[in-house]
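For reference, the chains in residue letters:
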Amino acid sequence: DEPAYAEPVRLMNSQGDPIDVFGRPSPNYGDFNGNGLPDLLLGSFIDDFTFFENIGTRDKPLFAPGRRLTRNDAIIRMDLCMITPIAIDFTGNGWLDLVVGDEDGRVALMEHTGEVVDGMPIYREPRYFRQKADKVKFGALATPVGYDWNGNGRDDILVGNTAGEIAFIENLGGDPVRWAAPKLLEAGGEVIRIQAGPNGSIQGPAEEKWGYTTLTVADWNHNGLPDLLVNSIWGKVIWYENTGTRTAPKLAAAQPIEVEWEGATPKPAWFWWDPEGRELVTQWRTTPVGIDWTGNGLTDLIMLDHEGYLALFRREKRGDQVVLLPGERVFRFEGEEGPMRLNDGRAGRSGRRKLAIVDFDGDGRPDILLNSMNASFLRNIGEENGMTLFRDTGAIDRRRLAGHTSSPATIRLTGGDPPDLLVGAEDGFHYHRKNPFAQPPDVAIATDSLDIEGRHCELGRLSNGERAFANRDYVWQGVPERFEGWRFLRTHGGERVYVQVKARHDTVVHFATAATQGGLNLTGWTKVESKPFLYTTSDGTEMAVYRRSAAAGEVLDIPQGNWSGGILLIPNEGG
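For the structure given in this document, a descriptive report is provided here. (Residues numbered from 1 in each chain as written. Predicted model: local features only at pLDDT ≥ 70, side-chain atom pairs only at ≥ 80, totals over all residues. Heavy atoms only, no water.)

**Quick look at the overall build of the protein chain**
Here is step 1 of the chain: Regarding its fold elements, the protein chain presents zero helices and 49 strands.
Here is step 2 of the chain: Reported as C-alpha extents along the three principal axes, the dimensions of the protein chain are approximately 95 × 80 × 50 Å.
Here is step 3 of the chain: When burial is assessed residue by residue, the protein chain has 50% of its 575 residues classed as buried.
Here is step 4 of the chain: Look at the contacts in the protein chain between residues 6 or more apart in sequence, and 51% of them connect residues 24 or more apart.
Here is step 5 of the chain: About 26300 Å² of surface is accessible on the protein chain, with carbon and sulfur atoms providing 47% of the total.
Here is step 6 of the chain: Where the 61 positive side-chain charges of the protein chain centre and where its 82 negative ones centre are 2 Å apart. (Helix = DSSP H or I, 4+ residues; strand = E, 2+ residues; numbered from the N terminus. Buried < 20%, exposed > 50% of the residue type's maximum accessible area, 1.4 Å probe, protein only. Contact = heavy atoms within 4.5 Å. Areas by Shrake-Rupley, 256 points an atom, 1.4 Å probe, with all protein chains shown as cover. Lys, Arg positive; Asp, Glu negative; His and termini not counted. Charge placed at Lys NZ, Arg CZ, Asp CG, Glu CD.)

Structural data, given as structure tokens:
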């Protein structure tokens with residue numbers, strides 16, 4: 001039942017060289033040329049196949065130097081990379097075909113023709129399998145934007161992927177919404193396909209087939225038609241002008257986005273190549289957001305600059321021209337001194353931030369949705385000394401969609417404003433979540449000192465034996481006398497909750513969370529020294545209480561982010 005294996009032996013070819021391909025060999029051992037001897041056929045990390053003919057015997061195989069699989073004198077290549085070939089007689093004609101997976105989950109059939117030339121099997125070009133319509137998917141690491149691209153009143157999806165493509169996924173209407181198959185967009189008469197090539201990725205030539213397109217839709221030239229703003233593996237920010245109509249978009253070839261730089265054109269310090277002219281070059285794989293941030297009727301640009309800071313590139317008119325000014329670091333996290341830096345990594349660790357800017361909570365101020373385990377909600381809490389402040393309220397949901405990254409956006413599927421959340425995930429699928437702020441709060445009460453709104457929660461009484469969570473039978477034990485009888489917002493353990501309070505006068509706000517669970521942003525909060533109390537899990541989960549002063553009119557979000565969440569404690573009136 002426990003087989004014993006000899007020590008591994010490195011395979012050599014007939015010339016004494018190691019059998020080696022460009023990574024990810026996925027070896028297949030079988031008779032590919034019909035001579036009765038098992039050969040080797042290997043894939044690679046990039047996109048091609050290498051055949052090693054057995055010129056020895058079945059018992060003592062000896063493999064000739066590898067030869068690439070070709071058809072009509074051209075190397076057979078898969079559409080993407082990280083390929084995985086499996087040899088099987090799929091067609092039942094007695095020859096080993098190849099069923100091959102790509103990095104993005106697509107699977108293709110390469111049929112053995114039955115021909116052998118100079119000992120070499122001849123295969124047909126890959127043909128990708130199709131399936132009946134199912135979930136909405138586009139490649140891997142999908143980067144969607146919700147926008148009514150064809151002007152019919154329904155939000156569609158425009159989306160990039162690892163392959164460097166951009167697709168239009170049409171909203172066909174209905175309830176639930178039906179979607180057309182992804183249609184690759186063309187620009188200048190050619191399918192958009194941005195790729196690194198042998199030297200465009202900071203992580204090396206193995207990534208030559210990746211493009212990592214990320215985009216937004218905006219009227220960049222102010223002619224009333226939506227254009228595309230795109231970044232990629234290169235970090236070159238480009239735009240595609242819409243030269244069609246509102247109902248029949250047509251994209252011109254890519255143009256660089258240019259900036260009125262003062263001095264030398266900046267670039268990330270690790271780039272081996274220099275920008276051309278005034279083109280905008282920044283960190284790779286990060287979203288360019290076109291939005292009229294300044295309110296002057298011109299489309300500005302917000303994105304990471306070459307050092308990883310979120311920057312505002314303003315537009316202004318100069319005579320008949322509209323110019324783009326150098327980036328300004330005018331955004332800051334609450335509780336931090338310096339400007340908002342979303343990535344301080346270098347080289348391959350740089351960039352990678354996907355974001356959308358939209359009034360997500362309906363308070364009239366544009367917020368930021370930022371990639372995280374799904375999407376983090378950075379609430380715009382106003383301006384201070386010329387900086388716009390954002391409060392990180394944590395991930396919008398508890399479901400993990402990201403490995404490398406996610407890509408948040410918004411889309412209007414269930415109503416108008418505020419829009420719903422749309423997230424493109426690592427697996428290429430698209431995930432939708434109704435906007436929690438689109439419906440009235442579950443709890444809306446006023447105390448002597450606070451106006452309170454809570455979503456996905458209910459009022460409870462903080463007393464021994466009272467239920468602690470709405471979706472569990474846990475109860476409170478050991479509630480200190482000082483908190484006995486206070487009200488609290490009973491949440492759903494492990495599920496996302498939103499609780500916001502507004503101070504009616506200078507006051508103090510309290511909340512409780514599990515003492516041993518991290519994941520909460522406690523900036524500005526101070527732990528209260530008191531006797532611990534708990535809720536009745538198998539071992540008992542102790543709670544810690546935090547407090548924070550709030551000035552009259554100040555709005556606070558109760559921190560969330562772990563299983564227990566942040567539970568607002570409401571003193572008795574006059575307490």
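Next, the rest of the story.
**Focus on the sheet that holds strand β31 (residues 355–358)**
Here is step 1 of the chain: If you walk across this open sheet you meet the five strands as β30-β34-β33-β32-β31, and the pairing is mixed. What marks the edges here is a single partner per strand, and that holds for β30 (331–333) and β31. Neighbour-to-neighbour, the strand axes of the sheet open up by a mean angle of 30 degrees, direction not taken into account. (Pairing = 2+ DSSP bridges. Axes fitted to C-alpha atoms, helices over the stretch in contact; angles between N-to-C directions.)

**Concerning the nonpolar core**
Here is step 1 of the chain: Grouped together as the largest cluster of nonpolar side chains are 33 residues, with contacts concentrated most on Trp 149, Leu 185, Ile 192, Leu 228, Val 230, Tyr 240 and Leu 251.
Here is step 2 of the chain: Of all elements in the fold, only β15 (166–169), β21 (214–218), β22 (227–231) and β23 (238–240) reach the threshold of two or more residues within this core.
Here is step 3 of the chain: Apart from residues no more than four positions distant in its own chain, Leu 251 is found in contact with Trp 149, Leu 185, Glu 186, Ala 187, Gly 188, Ile 192, Leu 228, Tyr 240, Glu 241 and Asn 242.
Here is step 4 of the chain: Within the second largest apolar cluster, 20 residues are counted, among which are Cys 457, Phe 511, Leu 520 and Ala 544. (Core = buried A, V, L, I, M, F, W, Y, C linked by side-chain atoms within 4.5 Å.)

**Some details on the pairing of strand β43 (residues 498–503)**
Here is step 1 of the chain: Bridge analysis of strand β39 (residues 450–455) against β43 gives six bridges, and the strand direction is antiparallel. Among the inter-strand pairings, Gly 454 is bridged to a residue of β43, identified as Val 499.
Here is step 2 of the chain: Pairing of β43 with strand β48 (residues 555–557) involves three bridges; the strand directions are antiparallel. Counted as the bridge partner of Val 501 is Leu 556 from β48.

**Describing the pattern of salt bridges**
Side chains that differ in charge, positive against negative, can pair when their charged atoms come close.
Here is step 1 of the chain: Evaluation of the coordinates by the stated rule reveals 36 salt bridges.
Here is step 2 of the chain: A salt bridge links Glu 334 to Arg 391; its shortest N-O distance comes to 2.8 Å. Here the residue Glu 334 occupies a position in the loop between β30 and β31, and Arg 391 occupies one in strand β34 (residues 387–395), the gap between them amounting to 57 residues. Both residues of the pair, Glu 334 and Arg 391, belong to the buried class.
Here is step 3 of the chain: A network of salt bridges, in which partner residues are shared, links Glu 334, Asp 361, Arg 379, Arg 391, Arg 548, Glu 554 and Asp 557. (Salt bridge = Lys/Arg side-chain N within 4 Å of Asp/Glu carboxyl O.)

**Points about the environment of Lys 209**
Here is step 1 of the chain: Mapped onto the elements of the fold, Lys 209 is located in the loop between β20 (190–191) and β21.
Here is step 2 of the chain: Taking relative accessible area as the criterion, Lys 209 reaches 11% and is therefore assigned buried.
Here is step 3 of the chain: Sequence separation between Lys 209 and Arg 58 is 151 residues, and the spatial gap between their C-alpha atoms is 37 Å.
Here is step 4 of the chain: Setting aside chain neighbours within four positions, we find Lys 209 in contact with Ile 46, Asp 47, Met 78, Asp 79, Leu 80, Cys 81, Thr 162, Ala 163, Arg 193 and Gln 195.

**Concerning the packing of aromatic side chains**
Here is step 1 of the chain: Summed over all chains, the structure comprises 25 aromatic pairs.
Here is step 2 of the chain: Centroid distance Phe 511 to Trp 525: 4.9 Å. Interplanar angle 90 degrees. Geometry classified as edge-to-face. Residue Phe 511 is found in strand β44 (residues 507–514), and its partner Trp 525 is found in the loop between β44 and β45 (526–527); the two are separated by 14 residues along the sequence. As far as burial versus exposure is concerned, Phe 511 and Trp 525 are alike and both buried.
Here is step 3 of the chain: By way of ring pairs, the aromatic residues Phe 469, Tyr 474, Trp 476, Phe 488, Phe 533, Tyr 535 and Trp 563 are connected into one cluster.
Here is step 4 of the chain: The ring of Trp 273 carries Lys 236 above its face, with NZ or CZ at 4.9 Å from the centroid.
Here is step 5 of the chain: Over the face of the ring belonging to Trp 220 we find Arg 315, whose NZ or CZ atom lies 3.7 Å from the ring centre. (Phe/Tyr/Trp six-rings, centres within 6.5 Å; stacked < 30°, edge-to-face > 60°. Lys NZ or Arg CZ within 6 Å of the ring centre and 35° of its normal.)

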